[in-house]
Amino acid sequence: MPAVVPHVLIHCLLSPWRIVDDAGGAFTMGLIGGSLFNAVSGARHAPSGANRRALGALVRLKERAPVLGGQFAAWGLCFASFDCTFAHLRQKEDPWNSIMSGAAAGAVMAARSE
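In short, a report on the structure. As the structure is a prediction and not an experimental result, all values here were calculated from the model.

**Focus: helix 4 (residues 95-113)**
Next, step 1: Here helix 4 spans 27 Å end to end across 19 residues, near enough to the 27 Å set by a 1.5 Å rise per residue.
Next, step 2: Residues Asn-97, Ser-101, Ala-104, Ala-105 and Met-109 constitute the buried set of helix 4. Seen along its axis, helix 4 keeps its buried residues to an arc of 135°; they face one direction. The outward face of helix 4, more than 90 degrees from its buried face, is lined by the exposed residues Pro-95, Trp-96, Ala-103, Ala-111 and Ser-113.
Next, step 3: On its buried side, helix 4 packs onto helix 3 (50-90).

**A look at unusual backbone geometry**
Next, step 1: Here Gln-91, not a glycine, exhibits a phi torsion of approximately 60°, which is positive.
Next, step 2: Within the element layout of this structure, Gln-91 appears in the loop between helix 3 and helix 4.
Next, step 3: The partly exposed category is assigned to Gln-91, whose relative accessible area is 46%.

**Examining the pattern of salt bridges**
Next, step 1: Overall, the coordinates contain three salt bridges when judged by the stated rule.
Next, step 2: With its nearest N and O atoms 3.6 Å apart, the salt bridge here joins Asp-22 to Arg-18. With Asp-22 and Arg-18 both in helix 2 (residues 17-44) and four residues apart, this pair spans about one turn of that helix.
Next, step 3: Take Asp-22: its relative accessible area is 28%, and that puts it in the partly exposed class.

Calculation rules
Residues numbered from 1 in each chain as written. Predicted model: local features only at pLDDT ≥ 70, side-chain atom pairs only at ≥ 80, totals over all residues. Heavy atoms only, no water. Helix = DSSP H or I, 4+ residues; strand = E, 2+ residues; numbered from the N terminus. Expected span 1.5 Å × (residues − 1). Buried < 20%, exposed > 50% of the residue type's maximum accessible area, 1.4 Å probe, protein only. Arc of directions from axis to C-beta. Contact = heavy atoms within 4.5 Å. Salt bridge = Lys/Arg side-chain N within 4 Å of Asp/Glu carboxyl O.

Structure below.
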């Protein structure tokens, strides 16, 4: 009788687009969250007046939101890569894969910023 392979292992091995999909989802979350956060921050730090505050919010949003989206995408790419790698190496899918993937992705992001 052949060994049963968990669905996640098949998904990672047969479809490497999962990693790209996770990176894209992380970019989208970072872009939306970064847009909201940077718009509020830009409006708060702009000179007084409704037009100036709106322009300050728009300028800050255009400058910083894509950067935050890119940082989220890099983290999502690392996390998904490590998650598929650990699932393949361990031949099982359990919470430990996600825990180790988060730690490894955090280590890579910390080493990247040094």
